[in-house]
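Chains, contacts and geometry: an overview
The primary structure of each chain is shown beneath.
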Amino acid sequence: MLPTNRSRPQQRPPRSWSFSEMDFSDPKRKPRYLSKIVMVALLTAMCVVMLTQPPCHRRTPSVFSIHENGVTHVLVTGGAGYIGSHAALRLLKDSFRVTIVVILCGFMLLFCAQILCCCNAVYIMLVHLGCLQDNLSRGNMGAIKVLQSLFPEPGRLQFIYADLGDPKAVNRIFAGNSFDAVMHFAAVAYVGESTLEPLRYYHNITSNTLVVLEAMAAHNVKTLIYSSTCATYGEPEKMPITEETPQFPINPYGKAKKMAEDIILDFTKSKKSDMAVMILRYFNVIGSDPEGKLGEAPRPELREHGRISGACFDAALGIIPGLKVKGTDYETPDGTCVRDYIDVTDLVDAHVKALNKAEKGKVGIYNVGTGKGRSVKEFVEACKRATGIDIKVDYFPRRPGDYAEVYSDPARINGELNWTAQHTDLLESLRVAWTWQKKHRSGYGPPQAMIL
């Protein structure tokens, strides 16, 4: 048991090459190509020189690379995301040591961040040099800046930029740090989008989880708290959902998560494993930090696939003309989907309790929800009251991959982890989240204002 005294960006459109553009015989073009080659060579040389010099904050062994009595070091993947950032905040408040992995790559960013690191002693490790794209599309650097400002003390918090799909990069992270536990949040997580880009979801969720698990096994990290979902159950015949409810996911998101669960469970059954594992299947997350430090800020291009709360707030703020409710012919009392809405503060509390209760060689599987279902129409009416705005609502056909009704039976987590949802007033959770949204109309701000 762990110590309990801790208290894509848009792709560039393909360019159509004409024969004239591919005419390499024009002598006037040669100097331009030559100058580019020279520039790249110079930048490469500069980076090589800088990267071969030990960064100033690593001239002595980092506290993050040492096991320290009484200190639990938790790796939080996806810590720049909505749920992951709130979990990191709670862990830091409870005096855990936290390492956050965020996916942000690029040759020039590597070059610039190395300079910043040496000059300002910022706690950044850049471990993945081969990435070709910026994959921080599901997280916010602004959330990381908030955490850094709240916990600037050495040895409390560090950020690692890496691609969790790169086994070499992930192994370098584990080799350079002494982790006691991993909270694995990092994942793409939109049901509708998963039906449009299924391969991306299987890669990002299932494959990346395998990479993390292999690194944990190779580096003897013994505790895993896995962020799963009620989408693994699909559309059960009986409500409420218990942990014994058969899992028959109906969309790629739920299928990818179930595959990841199966990988974890198969590994724990092997003779090579004595890992402590907690799998938390949670329901629809809402709300934000009650103190107003963090909130939900999805990228604009992702809002169409995002949570209903974000869409409601966007409509209330006038960012979008109105709210689109998809599906009014489900077999529910008012024809709209029924969901179990869990406040993010309660959710991260469940993660911390799971971390503190994790036992070597044992697996715990828990539903994290309130046990009460609310329809989409109910949710919209509550959002109107919370914002004070008469939000325009338009109704559309069902969205592929959605299911009619899902809510939890939280009896197991209530009894075994002594956890019960405390923030069950839907209106109040939305009011708290709305307070943050009003003060952060552009989320955490423009990207150029978020570079550490």
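These figures come from a predicted structure and were not determined experimentally.

1. Focus on the packing of helix α2 (residues 82-93) against helix α4 (residues 141-150)
To characterise two packed helices, one gives the angle between the axes of the helices and the distance between these axes. Orientation of α2 relative to α4, taken along the N-to-C sense of each, is 5 degrees, at an axis distance of 10 Å. As the angle between them shows, α2 and α4 are arranged roughly parallel. When α2 is examined against α4, the residues Ser85, Ala88, Leu89 and Leu92 are found in contact with a partner set consisting of Ala143, Leu147 and Leu150. For the contact of α2 with α4, a count of residues per class yields six nonpolar, one polar and no charged.

2. Regarding the UniProt feature "transmembrane region" (unreviewed entry) in the protein
Using the residue numbers shown here, the UniProt feature "transmembrane region" (unreviewed entry) corresponds to residues 33-51, 71-89 and 101-126. Split by type, residues 71-89 is 42% helix and 26% strand. Its first and last C-alpha atoms lie 16 Å apart.

3. A word on empty space enclosed by the protein
Each pocket or cavity is described by its volume, and for the second largest cavity that value is around 50 Å³. Elements that contribute at least two residues to the lining of the second largest cavity include exactly α9 (308-317) and α13 (426-439). Looking at which element gives the most residues to the lining of the second largest cavity, the answer is α13, with three residues. The residue makeup of the lining of the second largest cavity, split by class, is five nonpolar, five polar and one charged.

4. Focus on the packing of α2 against helix α10 (residues 344-357)
In the contact formed by α2 and α10, the axes pass within 9 Å of each other and the chain directions differ by 60 degrees. Classified by the interaxial angle, the pair formed by α2 and α10 is oblique. Read as a crossing pair, α2 and α10 show a hand that is right-handed. Residue-level inspection shows Tyr82, Ile83, His86, Ala87, Arg90 and Leu91 of α2 in contact with α10, the latter providing Val344, Leu347, Val348, Asp349, Val352 and Leu355. Along the lines of polarity and charge, the residues of the contact of α2 with α10 split into nine nonpolar, one polar and two charged.

5. A look at the pairing of strand β1 (residues 73-77)
Of all five residues that make up β1, five are buried, and the element is covered over most of its length. Residues His73, Leu75 and Thr77 line one face of β1 and the alternating positions Val74 and Val76 line the opposite face, and both faces are buried. A crossover connection joins β1 to the parallel strand β2 (residues 97-102) through α2; in handedness this β-α-β unit is right-handed. In the sheet, β1 pairs with strand β5 (residues 181-184) via four bridges, with the strands oriented parallel. Paired with Leu75 across the two strands is Val182, which belongs to β5.

6. Some words on the nonpolar core
The biggest cluster of nonpolar side chains holds 51 residues, and the ones touching the most others in it are Leu91, Val98 and Ile100. In this structure Ile100 touches Val76, Gly79, Ala80, Ala88, Leu147, Leu157, Gln158, Phe159 and Ile160, once residues within four positions along its chain are discounted. Judged by nonpolar contacts, the second largest core, of 42 residues, contains Phe179, Tyr201, Ile205 and Met239.

7. Observations regarding the pattern of salt bridges
Pairing between side chains of opposite charge can happen when the charged atoms of each approach one another. Evaluated as defined, the whole model comprises 18 salt bridges. The partner of Glu197 in a salt bridge is Arg200, and the shortest N-O contact between them spans 3.8 Å. A relative accessible area of 18% places Arg200 in the buried class. Salt-bridge contacts for Asp274 lead to Lys360; the nearest nitrogen and oxygen are separated by 3.4 Å. One end of the pair, Asp274, is in the loop between α8 (252-268) and β7 (276-282); the other, Lys360, is in the loop between α10 and β12 (363-368), and 86 residues separate them in sequence.

8. Observations regarding the side chain of Asn367
Along the polypeptide, Asn367 turns up in strand β12. Among the polar contacts listed, one links the side chain of Asn367 to the side chain of Tyr233, at a separation of 2.8 Å. Other than its neighbours up to four places away in sequence, Asn367 contacts Tyr233, Ile241, Thr242, Glu243, Arg281, Phe283, Ser408, Asp409, Pro410 and Ile413.

9. Structural notes on the pairing of strand β4 (residues 157-161)
In terms of burial, β4 is a largely internal element, five of the five residues being buried. Burial of the side chains of β4 extends over both faces: Leu157, Phe159 and Tyr161 are buried on one face and Gln158 and Ile160 on the other.

10. Brief notes about the confidence of the model for the protein
Parts of the model with low pLDDT should not have their predicted coordinates read in detail. Looking at the protein as a whole, the pLDDT averages 82, with 75% of positions reaching at least 70. Residue range residues 105-135 is modelled with pLDDT below 50. Its contacts to residues more than four positions away, or to other chains, number 69 contacts.

11. Focus: the environment of Ile365
Mapped onto the elements of the fold, Ile365 is located in strand β12. Take Ile365: its relative accessible area is 18%, and that puts it in the buried class. Residues Ile365 and Ile413, spaced 48 residues apart in sequence, show a C-alpha to C-alpha distance of 8.6 Å. Ignoring anything within four residues of it in the chain, the contact list for Ile365 reads Glu243, Leu265, Ile279, Arg281 and Arg412.

12. Section: helix α5 (residues 167-175)
Taken together, the buried positions of α5 are occupied by Ala169, Val170, Ile173 and Phe174. Relative to the axis of α5, the buried residues are bounded by an arc of 135 degrees and lie together on one face. Away from its buried face by more than 90 degrees, α5 exposes Lys168 and Ala175. Against β1, β2, β4, β5 and α7 (198-218) lie the buried residues of α5. Here α5 starts with a cap whose side-chain oxygen sits 3.0 Å from the backbone nitrogen of Lys168, and that cap is Asp166.

Rules behind the numbers
- Residues numbered from 1 in each chain as written.
- Predicted model: local features only at pLDDT ≥ 70, side-chain atom pairs only at ≥ 80, totals over all residues.
- Heavy atoms only, no water.
- Axes fitted to C-alpha atoms, helices over the stretch in contact; angles between N-to-C directions.
- Helix = DSSP H or I, 4+ residues; strand = E, 2+ residues; numbered from the N terminus.
- Parallel < 35°, antiparallel > 145°, perpendicular 65-115°, else oblique.
- Contact = heavy atoms within 4.5 Å.
- Nonpolar A, V, L, I, M, F, W, Y, C, P; charged D, E, K, R; others polar.
- UniProt positions renumbered as here; feature names shortened; annotations may be inferred.
- 1 Å grid on protein atoms, 1.4 Å probe; cavity = no way out; pocket = protein on both sides within 12 Å on 5 of 7 lines; lining within 4 Å.
- Points joined across faces, edges and corners; volume = space filled by probe spheres on them.
- Left-handed = near helix turned anticlockwise from the far one by under 90°.
- Buried < 20%, exposed > 50% of the residue type's maximum accessible area, 1.4 Å probe, protein only.
- Right-handed = clockwise from strand over helix to strand, strands pointing away.
- Pairing = 2+ DSSP bridges.
- Core = buried A, V, L, I, M, F, W, Y, C linked by side-chain atoms within 4.5 Å.
- Salt bridge = Lys/Arg side-chain N within 4 Å of Asp/Glu carboxyl O.
- Polar contact = N/O pair within 3.5 Å; in protein donor to acceptor, adjacent residues only side chain to side chain.
- pLDDT = per-residue confidence, 0-100.
- Arc of directions from axis to C-beta.

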